[in-house]
Amino acid sequence: MDGALQLPMVDLSSTDRTLLADSLRKACVENGFFYLINHGVEEELIQRVFEGSRRFFGLSLEEKMKLLRQNHRGYSPLYSEKLNSTDNPKGDPKESIYFGAPEDMSPYGNLNQWPSQEILPCWRSTMEEYYRRILWVGKRVVSLMAVALNVDEDFFEKVGAFDPPTALLRPLHYPVAGEIDSSDKHMHGAGAHTDCGMITILVTDGVPGLQVCRDKLQKPQIWEDVHHLKGALIVNIGDMMERWTNCLFKSTLHRVTQPTQDRYSVAMFFDPSPDCVVECLKSCCNESSPPSSCGRLPKGDLQSYLWRPVTSRLGKHVSVAIVMDPCIMALLLPVVLMFSSTAFAAIRAPSSLWHRHLGHPSSIVLDYLVRNNKLYCYSFKRFDSLCIACQLAKHQKSPFNKSSSFTSSSPFELIHSDIWTSHIPSFTGFRYYILFHDDFTKFFWVFPLRQKSKAFTMFKKFYAFISTQFSTKIKKLQCDEAAEYVKLKLFRSFLNDNGISLRISCPHTHQQNGKAE
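Residues numbered from 1 in each chain as written. Predicted model: local features only at pLDDT ≥ 70, side-chain atom pairs only at ≥ 80, totals over all residues. Heavy atoms only, no water.

- Looking at an unreviewed UniProt entry, one finds the chain named Azadirone synthase LFS-like isoform X1 and attributed to Nicotiana tabacum.
- Its UniProt record, at the heading Sequence similarities (unreviewed entry), says of the chain: "Belongs to the iron/ascorbate-dependent oxidoreductase family." (UniProt positions renumbered as here; feature names shortened; annotations may be inferred.)

Below is the structure:
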């Protein structure tokens, strides 16, 4: 460690948005880390969050393992994650638990795992309240970044970065060296890494440990302590935002040292939604600073690989795609060869990954490719894991009724509905369209949506419109298994309260909802 870093402060209560955006831009360009003060999150709420976190991590391992991580939600025990194999070859000596959006905000239903109310009363409500507050803070910070980048204030909202909200809230516990294996006392609490999302918002209990390296290319690396500032949140830039800004904003390397006393922190990772396209902003590109990598890269693909800017031995600025999936590298290589400023690095992949990317060939075909050195594969088993897709493909589908099998006898007795997604937003920012088709009259109503989560709101308006203008009620609603319909409790409750029957098409059988499709 080479000293302490004085992070810049961004005051969210400032009324001068231009000055505020300028100070934020300077912090993001020079440090990639900053303190956020006057953010509006009460200290009392933060203390309740830490009190609950201490009680949760103080539970027995057996009790915590009941919530073992699934679907990116749940408990991660000690050594289960390895951010940097050089720093921590055994894994990071920390434990954590992941939470996503509360159930009423998530189109995926309730994926979060919570300890029982008897063990930790009120912790769920506390964490959900904290999630909402930090989500609000994060959106304000990102809108200020948009102003600082000379784009519309609601740019990131319009491109769907928060639709649906995919931010993950993660309480962490770093035990003292005496509580872990004595051979691991030299390890770091979290190895050196950068965050892969847009931004991360962190709050700590005041125990030191966070360090940053502002120049990750310098050798040897210079690590600086980040001190705790009472009442402030710590914000840092992630790889996605660095990519969006054409490397103008810095995704800074950071780590956590092994603490001398138990250390608790809570991080909120803001990732763009899976449908959001991440590409260099035009305001961040010019002739002297062209886009640092080719094409438009959807976030779903960036979960498999990362683009990182480096400087070559010749002093030229290049982009290295660290490809976690060699199959993706094989697909991208013909395109990227046109850009001489791009290089690749790859790691071996399991045979199950090759099986999926090569169109699900048999184990005999894969075995031949591996033995003849045609696949870069670290292991070959028949297969590393059970291929669900192959099993489903061999199943025969049971017969089902068509959507026209029910014949309506009056208007609005049966409404067919579906949501259509446009990959190109309208001039006013609409990307989704909800359709209502009356089975009897064959009339169609189409309403634009900025967010899929607004489907329920639009259905209530449509229901009120039919009730008022036609003095009748909708009796049946037919749709597919879209989460906006079947997994939203408020939607189902509304249908039940108004006596509306819900007809759902068979799983993976959209054609049964043919009239709306």
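Don't stop here, the text continues.
## Re the overall build of the chain
- Assigned secondary structure in the chain consists of 14 helices and 23 strands.
- Among the 517 residues that make up the chain, the fraction classed as buried is 49%.
- A separation of at least 24 residues holds for 70% of the contacts in the chain among residues at least 6 apart in sequence.
- Element-wise, carbon and sulfur atoms account for 55% of the exposed surface of the chain, whose accessible area totals about 25,900 Å². (Helix = DSSP H or I, 4+ residues; strand = E, 2+ residues; numbered from the N terminus. Buried < 20%, exposed > 50% of the residue type's maximum accessible area, 1.4 Å probe, protein only. Contact = heavy atoms within 4.5 Å. Areas by Shrake-Rupley, 256 points an atom, 1.4 Å probe, with all protein chains shown as cover.)

## Topic: the packing of helix α2 (residues 43-57) against helix α4 (residues 123-148)
- Where α2 meets α4, the axes come as close as 10 Å, and the angle between the chain directions of the two elements is 135°. Here α2 lies oblique to α4, going by the angle between them. Handedness of the crossing formed by α2 with α4: left-handed. Where α2 abuts α4, its residues Leu 45, Ile 46, Arg 48, Val 49, Gly 52, Ser 53 and Phe 56 lie against Trp 123, Thr 126, Met 127, Glu 129, Tyr 130 and Arg 133.
- Classifying every residue of the contact of α2 with α4 by side-chain character gives seven nonpolar, three polar and three charged. (Axes fitted to C-alpha atoms, helices over the stretch in contact; angles between N-to-C directions. Parallel < 35°, antiparallel > 145°, perpendicular 65-115°, else oblique. Left-handed = near helix turned anticlockwise from the far one by under 90°. Nonpolar A, V, L, I, M, F, W, Y, C, P; charged D, E, K, R; others polar.)

## Brief notes about the packing of aromatic side chains
- This structure, assessed with the given rule, holds 24 aromatic pairs.
- Plain terms: the ring middles of Phe 56 and Trp 123 are 5.4 Å apart, the flat faces sit at 15° to each other, and that makes the pair stacked. A residue pair is termed long-range when its members are at least 10 positions apart, and Phe 56 in helix α2 and Trp 123 in helix α4 qualify at 67 residues.
- Summarising the aromatic geometry, the rings of Phe 412 and Phe 470 are spaced 5.0 Å apart at their centres and angled 50° between planes, so their arrangement reads as tilted. Placement of Phe 412 in the loop between α11 (388-393) and β19 (414-421) and of Phe 470 in helix α12 (residues 455-470) is noted, with a sequence separation of 58 residues between them. (Phe/Tyr/Trp six-rings, centres within 6.5 Å; stacked < 30°, edge-to-face > 60°.)

## Focus on the confidence of the model for the chain
- When the pLDDT values of the chain are averaged, the result is 81; 79% of them are 70 or greater.
- Scored below 50 in pLDDT, residues 294-347 makes 102 contacts in the model with residues more than four places away or belonging to other chains. (pLDDT = per-residue confidence, 0-100.)

## As for the sheet that holds strand β22 (residues 476-479)
- The sheet built from five strands is open, its strands ordered β21-β20-β19-β22-β23 with mixed pairing. Here the strands that pair on one side only, and so sit at the sheet edges, are β21 (444-449) and β23 (501-504). Going across the sheet, the axis of each strand differs from the next one's by a mean of 20°, ignoring polarity.
- Bridge count for β22 against β23 is four bridges, and the pairing is parallel. From the neighbouring strand, Leu 477 faces β23, where its bridge partner is Leu 502.
- Strands in contact with α12 are β19, β20 (432-438), β21 and β22; relative to β21, the strand with the most contacts, it is inclined by about 145°. (Pairing = 2+ DSSP bridges.)

## Details of the environment of His 72
- By the secondary structure assignment, His 72 is in the loop between α3 (61-65) and β4 (74-76).
- Judged by relative accessible area, which is 52%, His 72 ranks as exposed.
- Distance from His 72 to Gly 100, taken between C-alpha atoms, is 8.3 Å for residues 28 residues apart in sequence.
- The contacts of His 72, once residues within four sequence positions are left out, are Tyr 98 and Leu 168.

## A look at the nonpolar core
- Phe 34, Tyr 130, Met 145, Phe 156, Trp 244 and Phe 270 are the most contacted members of the largest nonpolar core, which has 60 residues in total.
- If one sorts the elements of this core by residue count, α4 sits on top with twelve residues.
- What Phe 270 contacts, discounting residues up to four positions off in sequence, is Ile 134, Leu 135, Gly 138, Phe 162, Ala 167, Gly 197, Met 198, Ile 199 and Ile 201.
- Counting residues in hydrophobic clusters, the runner-up holds 25 residues, among them Ile 415, Phe 462, Ile 474 and Leu 477. (Core = buried A, V, L, I, M, F, W, Y, C linked by side-chain atoms within 4.5 Å.)

## Re helix α1 (residues 17-30)
- Helix length check: α1, at 14 residues, gives a terminal C-alpha distance of 20 Å against a target of 20 Å (1.5 Å per residue), a fit within 8%.
- Three or more residues of α1 are buried, namely Leu 20, Ala 21, Leu 24, Ala 27 and Cys 28. Angularly, the buried residues of α1 cover 125° about the axis, an arc narrow enough to put them on a single face. Within α1, the exposed residues directed more than 90 degrees away from the buried face are Thr 18, Leu 19 and Lys 26.
- Elements in contact with the buried residues of α1: β2 (9-11), β3 (33-37), α4 and β11 (233-237). (Expected span 1.5 Å × (residues − 1). Arc of directions from axis to C-beta.)

## Observations concerning the pattern of salt bridges
- Scanning the model with the defined rule gives 14 salt bridges in all.
- Between Arg 48 and Glu 44 there is a salt bridge, with its nearest N and O atoms 2.6 Å apart. With Arg 48 and Glu 44 both in helix α2, this residue pair falls four residues apart, about one helical turn.
- A salt bridge links Arg 69 to Glu 81; its shortest N-O distance comes to 3.1 Å. Of this pair, Arg 69 sits in the loop between α3 and β4 while Glu 81 sits in the loop between β4 and β5 (95-98), and the two are twelve residues apart along the sequence.
- According to the relative accessible area criterion, Arg 69 is partly exposed, its value standing at 34%.
- Through salt bridges with shared partners, a single network forms among Arg 69, Glu 81, Asp 92, Lys 94 and Arg 170. (Salt bridge = Lys/Arg side-chain N within 4 Å of Asp/Glu carboxyl O.)

## A look at unusual backbone geometry
- Here the bond from Asp 163 into Pro 164 is cis, since omega is 0°, no more than 30 degrees from zero.
- Assignment of secondary structure puts Pro 164 in the loop between α5 (155-158) and β6 (168-174).
- With phi around 50°, Asn 38 is a residue other than glycine that occupies positive phi space.
- Following the sequence through the fold, Asn 38 ends up in the loop between β3 and α2.
- Judged by its relative accessible area of 46%, Asn 38 falls in the partly exposed class.

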